[in-house]
Amino acid sequence: MIPISWYLLLSAFLFACGVTGFLTKRNVITLFMSIELMLNGVNLSFIAFATRLQTLDGHIFVFFVMVVAAAEAAVGLAIIISVYRTRETLNVDRVNLLKL
Amino acid sequence: MHQFLFLLFGAFCVGGAINLLLQKKTINSALSLIVVMGSLALIYLLLGAEFVAVVQVIIYAGAIMVLYVFVIMLLNAGDEEVVKGSNVAKIFGIPGLFAGGIIGIWVLLQHRPAEKLLPIGAMYGPADKVGELLFTKYLLAFEVTSILVLIAIMGAVVLTRRSRV
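Rules and cut-offs
Residues numbered from 1 in each chain as written. Chains lettered and ligands numbered in written order. Predicted model: local features only at pLDDT ≥ 70, side-chain atom pairs only at ≥ 80, totals over all residues. Heavy atoms only, no water. Helix = DSSP H or I, 4+ residues; strand = E, 2+ residues; numbered from the N terminus. Buried < 20%, exposed > 50% of the residue type's maximum accessible area, 1.4 Å probe, protein only. Contact = heavy atoms within 4.5 Å. Buried area = accessible area lost by both parts, 1.4 Å probe. Salt bridge = Lys/Arg side-chain N within 4 Å of Asp/Glu carboxyl O. Nonpolar A, V, L, I, M, F, W, Y, C, P; charged D, E, K, R; others polar. Core = buried A, V, L, I, M, F, W, Y, C linked by side-chain atoms within 4.5 Å. Domains from an automatic or database assignment. Expected span 1.5 Å × (residues − 1). Arc of directions from axis to C-beta. Patch = residues over 30% accessible without salt bridge, like charges linked within 9 Å, V, L, I, M, F, W, Y side chains within 5 Å. Areas by Shrake-Rupley, 256 points an atom, 1.4 Å probe, with all protein chains shown as cover. Phe/Tyr/Trp six-rings, centres within 6.5 Å; stacked < 30°, edge-to-face > 60°. Axes fitted to C-alpha atoms, helices over the stretch in contact; angles between N-to-C directions. Parallel < 35°, antiparallel > 145°, perpendicular 65-115°, else oblique.

Caption draft 1: Examining the overall build of chain B more closely. In terms of regular secondary structure, chain B is built from six helices and one strand. Listed by position from the N terminus, the elements making up chain B come as α-α-α-α-β-α-α. Among the 165 residues that make up chain B, the fraction classed as buried is 29%. For chain B, the share of sequence-separated contacts (at least 6 apart) that also reach a separation of at least 24 residues comes to 66%.

Caption draft 2: Examining the interface of chain B and chain A more closely. Counting residues at the interface gives 69 residues for chain B, matched by 64 residues for chain A. Both faces combined, the contact of chain B with chain A buries some 6,200 Å², and carbon together with sulfur accounts for 76% of it. For the interface between chain B and chain A, the tally reads one salt bridge. Residue Lys137(B) is joined to Asp57(A) by a salt bridge in which the shortest nitrogen-to-oxygen separation is 2.8 Å. For the side of chain B that touches chain A, the elements supplying multiple residues, two or more each, are helix H1 (2–22), helix H2 (26–46), helix H3 (50–75), strand S1 (117–118), helix H5 (127–136) and helix H6 (139–160) of chain B. Residue contributions to the side of chain B that touches chain A peak at 13 residues, all from H3(B). Split into classes, the residues belonging to the side of chain B that touches chain A amount to 50 nonpolar, eleven polar and eight charged.

Caption draft 3: Local environment of the environment of Gly62(B). In this fold, Gly62(B) is placed in helix H3. Residues Gly62(B) and Ile34(B) lie 28 residues apart in sequence; the distance between their C-alpha atoms is 8.9 Å.

Caption draft 4: Spotlight on the nonpolar core. Counting 58 residues, the largest nonpolar core has Tyr7(A), Ile29(A) and Tyr68(B) as the members making the most contacts within it. The element contributing the most residues to this core is H3(B), with twelve residues. The two domains that each donate at least three residues to this core are domain 1 (2–82) and domain 2 (126–165) of chain B.

Caption draft 5: Highlighting the pattern of salt bridges. Residue and element names in this part refer to chain A. Inspection of the entire model under this criterion finds two salt bridges over all chains. When the shortest N-O distance is used, the salt bridge between Arg26 and Asp93 registers 2.8 Å. Of this pair, Arg26 sits in the loop between helix H1 (4–24) and helix H2 (28–53) while Asp93 is found in the segment after helix H3 (57–87), placing the two residues 67 residues apart along the sequence.

Caption draft 6: How the structure looks around H1(A). Residue and element names in this part refer to chain A. For H1, with 21 residues, the first-to-last C-alpha span of 30 Å sits near the 30 Å given by 1.5 Å per residue. Among all positions in H1, only Ile4, Tyr7, Leu10, Ser11, Leu14, Cys17, Gly18 and Gly21 are buried. All buried residues of H1 fall inside an arc of 155° around its axis, so they share one side. Residues of H1 that are exposed and point more than 90 degrees away from the buried face comprise Leu9 and Leu23.

Caption draft 7: View of a nonpolar patch on the surface. Residues and elements named next belong to chain B. A cluster of nonpolar side chains, Met1, Phe4, Leu8, Phe12 and Val35, forms an exposed patch at the surface whose accessible area comes to about 530 Å². Element by element, the count of residues in the nonpolar patch is highest for H1, at three residues. Mapped onto the elements, Val35 comes out in helix H2. Exposure remark for Val35: the relative accessible area of 39% places this residue in the partly exposed category.

Caption draft 8: View of the packing of aromatic side chains. One pass over the structure, following the stated rule, counts eight aromatic pairs over all chains. Ring plane angle 35° and centroid distance 5.9 Å describe the contact between Trp6(A) and Phe6(B), whose orientation is recorded as tilted. Here Phe6(B) lies in helix H1 and Trp6(A) lies in helix H1, a pairing that spans two chains. A ring pair is formed by Phe135(B) and Phe142(B), whose centres lie 4.9 Å apart and whose planes are at 70°; its orientation type is edge-to-face. Every member of this aromatic cluster is reached through a ring pair, and the members are Phe63(A), Phe64(A), Phe51(B), Phe135(B) and Phe142(B).

Caption draft 9: Structural context of the packing of H2(A) against H3(A). Residues and elements named next belong to chain A. Between H2 and H3, whose axes approach to 9 Å, the crossing angle comes to 175°. Viewed along their axes, H2 and H3 adopt a mutual orientation that is roughly antiparallel. Facing Val28, Ile29, Phe32, Ile35, Glu36, Leu39, Asn43, Phe46, Ile47 and Ala50 of H2, the residues of H3 in contact are Gly58, His59, Phe61, Val62, Val65, Met66, Ala69, Glu72, Ala73, Gly76 and Ile80. The residue inventory of the contact of H2 with H3, partitioned by class, reads 15 nonpolar, four polar and two charged.

Have a look at this one:
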């Protein structure tokens, strides 16, 4: 018997790790992985609440989150590859063409 | 037993997430993210979500992370550059973070509902029940998802093609 708050604590911890990585890292691929970590944390709380409330709707939402994450990864990594081709760097601080 | 398994895989999750933040090389971060996703799949199994656990392994740990590792290898990504945080972040950020966390925990404890425990195998999310819901209640969203995936495929192809303009 596990209280639901344990799952929510783990979920919040994963989300916080994702936010920390997103704010502190400079490599654009690591930033993308931090976003994946945040999505995983959210998925865990979806599943925990679905089990708590005895409905299957949370599972469907996790499915949709996964689809969106897959699409995001495909397009984002394509953008990273084409940026690397032109700028020869993965550092987000050096990709500042739109900056004033 | 249930608690032991949760604590074991939760510890794997926490360790992987911290390792992702601490590693300097991108490929090590990617591998620790795979550890996080694999142990999350096992936690989903503990919660009785069979379908989601299998999909987590196949899509996340399988497809998406392979794509990441492939791109990391392809681009030959070097080490992470260590940046020093600004002084403003050190002076205001860390105490602000602690204060925000304490206030948040206090507010949550004030409104804490009576907690029920989750029994082992409280609910099963087998693929047929999930599929039934997916093709009846959420049919429109499912169809829209297919368009999203199609656009993502086209976008990936167009973005990585070498243009001859």
